[in-house]
Amino acid sequence: MAEPSPPPSNAGLRILLSKDRPAPSPPSTAGSTVSSHADRDRIIGVFRNALSLTEPPESFALQTVQEAIKPQKETVLVLEENQSLENALRTLLQELVSSAVQSSKKIMQYGNALDSGESNCLITRLLDIVLYLCERGHVEGGMVFQLLEDLTEMSTIKDCKDIFGYIESQQDVLGKQELFGRGKLVMLRTCNQLLRRLSKANDVVFCGRIIMFLAHFFPLSERSALNIKGVFNTSNITKYEKDATDGISVDFNFYKTLWSLQEHFSNPALTSTNPAKWQKFSSNLGVVLNTFEAQPLSDDDGKLNNLDQEEDAAFNIKYLTSSKLMGLELKDPSFRRHILVQCLIFFDYLKAPGKNEKEGPAGGMKEEIKTCEERVKKLLEVIPPRGKEFLKSIEHILEREKNWVWWKRDGCLAFEKPPFEKKSIQAGGRKRKPRWRLGNKELSQLWKWAEQNPNVLTDPDRVRMPSITEYWKPLAEDMDPSAGIEEEYHHKSNRVYCWKGLRFSARQDLDGFARFSDYGIEGVVPSELLPPEVNAKFSSKPAEKVKRVKREDLKGSSAQPKEQQIAATPETDGGGSGGDPEEGAVPMDSDNGAAEDGQKRSPEEVSGPESGQCEPEADADDNMKTETTSRDIRAGEK
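Everything numeric here is computed off the predicted structure, so don't read it as measured data. (Residues numbered from 1 in each chain as written. Predicted model: local features only at pLDDT ≥ 70, side-chain atom pairs only at ≥ 80, totals over all residues. Heavy atoms only, no water.)

**A closer look at the pattern of salt bridges**
Under the convention used in this document: When a carboxyl oxygen of Asp or Glu lies within 4 Å of a side-chain nitrogen of Lys or Arg, that pair is called a salt bridge. Note on exposure labels: buried denotes an accessible area under 20% of the residue type's maximum, exposed denotes more than 50%, and partly exposed covers the range between, all computed with a 1.4 Å probe on protein chains only.
Taken as a whole and judged by the stated rule, the model has 16 salt bridges. We note a salt bridge from glutamate 135 to arginine 136, for which the minimum N-O separation is 3.4 Å. You can call arginine 136 partly exposed: its relative accessible area is 46%. In this structure, arginine 386 and glutamate 389 form a salt bridge, with 3.5 Å as the shortest nitrogen-oxygen distance. On the basis of relative accessible area, arginine 386 is assigned to the partly exposed category, the value being 46%. In this structure, a network of salt bridges that share partners links the residues Lys351, Glu373, Lys377 and Glu395.

In structure tokens, the structure reads:
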């Protein structure tokens, strides 16, 4: 009876779970799934022998796997076989790392001879074999990423730098589509764990290498590497002294003012939305800029801090904040540039494109930002060495940064565009003429129409002037209160539409066109299109109502004198006797009065229809009176 196997470890757990899974084909002695510790040790022994070979991996890697696993398929491993191989290789990698630590050698140099390079390193050979198998698709593509994660977790920071050098050398292979899709999350987790272990002050270069690798390894449109919400790292707090100490040669108030700017730089959004904080920042920045302007740096100060001559020039993210170093830091050109560049980044955030009026700075704040920005740029120009060149580089970087701001505000659209397909010209067909811009959208559209239909310009239906009722119908519908059309979408807001309508009305409806001066564009709409309640507002002109009232008053006043004239004639003719025709002066007086009355009449009364109807009768009476009077005068003379 076989001896019971010991309790499984975490590495062997997946092997035991694979026992219960049904095999894709009937098991046989040669193709059975490897699941025991003895078989795992056998696999490790086969790969140990393969590591001692000096040939390239492509010459023996596939043969080694077939010898160790004896797969059911010749070139591809099934799921259980991949799991067994991965567990065995992870165990082998752990043993190699332990042996390297015990021999006091670097992990990526274990197995090398004294005078040889890294070509004989056992761990490097193992990674090369697995990478070749993953690239060719013989094993699961994420296996090499899992080995790299285990290797970094078991190594120190110094060894991790060498391991990451190997990863950088193979980034083109690791970034291939067949491997990237299987192991990108594992690689992202590996790099993030390394960044958490590194010091942000002492391992700046290594952190930069990791970030640059991620930028190359992941596409630009990868959302996992983007700060979509624009969250600031508020945990980055700059600590400085609050109380003055003895032996300080600089102004302690200036020291606190200078370092207090970091509170605003760490969270620009809070400063821009709080007027009190903005005023505090503006006043503190003015003090710092005044000090920098009052104490300019010479060319000798720039030569003392020229880092171009150093081979491994590294810039720390943080400066020391001791008050005793304030005097030396003020003479350091790189320190001044660090502060001033932070100011430009801060201003660039406040002026970020795509913000609306509420999010952007107010009018007074805009002027202050512009003034401070000009002062900061002038100070950067005079800081040695090569101040003008440095300022141009910073401006170029900030200008390019606006493109990324727009890209993130637009939702991080993909950079890949579909290829442009050129349409082949059919046999016998003519080439498409280029589209010309004629200065107007409608005119440019005519060129396109002419290409699609050569007879479009001569079509009789093309030249057709719509009727007034048809043209003004959309505006009449907008004027209906029940429609609820907003002013923004009202047809009267369309200047082209109104201009065309006035031209149509001037040709077809002069009465409606005349109403434009009193009621505007809405008065031009024909009354039959309007609802009753709306039509009542535009039924008649205000001037017509006034004239109509005047005509009625004049009509009444013209009728009254004639009646009074007929009734008062006997009294004026005879001085009290009703029928004495001998006084010839009386008819003359009445004629003069009638003439004067005619002169006082308005043109409307004379030409109006009401007065015209009464004029024949009045003229006949006057003629009869005149003839009778003239006869009486002649008879008296005789």
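Back to the write-up after that little detour.
**As for the packing of aromatic side chains**
The condition that has to hold: When the centres of two rings from Phe, Tyr and Trp lie within 6.5 Å, Trp using its six-membered ring, the rings pair. Their planes under 30 degrees apart give stacked, over 60 give edge-to-face, and anything left gives tilted. Counting from the N terminus, the helices are DSSP H or I runs at least four residues long and the strands are E runs at least two residues long.
By the definition in use, this model includes 22 aromatic pairs. Consider the rings of phenylalanine 164 and phenylalanine 206, whose centres lie 5.7 Å apart with planes at 75°: the pair is edge-to-face. Placement of phenylalanine 164 in helix α7 (residues 157–169) and of phenylalanine 206 in helix α10 (residues 204–217) is noted, with a sequence separation of 42 residues between them. The interplanar angle of 85° and the centroid separation of 5.4 Å between the aromatic rings of phenylalanine 232 and tyrosine 349 together place this pair among those described as edge-to-face.

**Some details on the side chain of aspartate 159**
Here is the rule: In this tally Asp and Glu are treated as negative and Lys and Arg as positive; neither His nor the chain ends contributes. For this analysis, residues touch if any pair of their heavy atoms sits within 4.5 Å.
As for its position among the elements, aspartate 159 is in helix α7. In this structure aspartate 159 is buried but unpaired, with lysine 106 as the nearest side chain of opposite charge at 6.3 Å. Once residues lying within four places of it in the same chain are set aside, the contact partners of aspartate 159 are Lys106 and Ile107.

**Focus on helix α3 (residues 61–69)**
How we decide: Summarising the geometry, the arc corresponds to the directions from the helix axis toward the C-beta atoms.
Within the span of α3, buried status applies to Ala61, Thr64, Val65, Ala68 and Ile69. On an axial view of α3, the arc spanned by its buried residues comes to 105°, and they lie on one face. Positioned one or two residues after α3, lysine 70 has a phi angle of 55°, which is positive.

**Some remarks on the environment of glutamate 140**
As a reminder of what qualifies: Polar contacts, as counted here, are pairs of nitrogen or oxygen atoms within 3.5 Å of one another; within protein the pair requires one atom able to donate a hydrogen and one able to accept it, and residues that are adjacent in sequence qualify only if both atoms are side-chain atoms.
Counting through the fold element by element, glutamate 140 comes out in the loop between α5 (122–136) and α6 (143–153). Between the C-alpha atoms of glutamate 140 and valine 130, which are ten residues apart in sequence, the distance is 9.8 Å. Within the structure, glutamate 140 has its side chain in polar contact with the backbone nitrogen of glycine 142 (distance 2.9 Å). Within polar-contact distance, the side chain of glutamate 140 engages the side chain of arginine 182 at 2.6 Å.

**A short note on unusual backbone geometry**
For the bond from proline 384 to proline 385, the omega torsion is -5°, close enough to zero to count as cis. Inspection of the secondary structure assignment puts proline 385 in the loop between α17 (363–382) and α18 (387–409). Residues other than glycine seldom take positive phi values, yet serine 104 does so here, at roughly 60°. Considering the arrangement of structural elements, one finds serine 104 in the loop between α4 (79–102) and α5. Overall, the relative accessible area of 67% leaves serine 104 in the exposed class.

**Notes on the packing of helix α11 (residues 252–266) against helix α16 (residues 333–350)**
Keep this limit in mind: Orientation is described by axes fitted as lines to C-alpha atoms, over the contacting stretch for helices, and by angles from 0 to 180 degrees between their N-to-C directions. Two helices cross in a left-handed way if the nearer one is turned anticlockwise from the farther one by less than a right angle. They cross in a right-handed way if the turn is clockwise. The residue classification treats Ala, Val, Leu, Ile, Met, Phe, Trp, Tyr, Cys and Pro as nonpolar and Asp, Glu, Lys and Arg as charged. All others, Gly included, are polar.
At a minimum axis distance of 11 Å, the contact between α11 and α16 shows a crossing angle of 35°. As α11 runs across α16, the sense of the crossing is left-handed. Contacts between α11 and α16 involve Leu258, Trp259, Gln262, His264 and Phe265 from the former and Phe335, Ile339, Gln342, Cys343 and Phe346 from the latter. Class assignment for the residues of the contact of α11 with α16 results in seven nonpolar, three polar and no charged.

**Examining the nonpolar core**
The test is simple: Only buried Ala, Val, Leu, Ile, Met, Phe, Trp, Tyr and Cys residues count toward a nonpolar core, and they belong to the same one when joined by side-chain atoms within 4.5 Å.
Judged by nonpolar contacts, the single largest core of 61 residues is most densely connected at Phe47, Leu85, Ile123, Leu126, Leu151, Leu174 and Met187. Non-local contacts of leucine 151, meaning those with residues more than four positions away in its chain, are made with Leu93, Val97, Ile107, Met108, Ile123, Leu127 and Ile163. Among the nonpolar cores identified, the runner-up in size contains 36 residues, and Tyr240, Leu261, Met326 and Leu380 belong to it.

**Side note on α10**
To keep things clear, this is the line we draw: How far a helix is expected to stretch is found by multiplying one less than its residue total by 1.5 Å.
Look at α10: 20 Å from first C-alpha to last across 14 residues, which is about the 20 Å you get at 1.5 Å a residue. When α10 is considered as a whole, its buried residues turn out to be Phe206, Cys207, Ile210, Phe213, Leu214 and Phe217. Take α10 and look down its axis: the buried residues cluster within an arc of 125°, on one side only. Every exposed residue of α10 that faces more than 90 degrees away from the buried side is listed here: Val205 and Met212.

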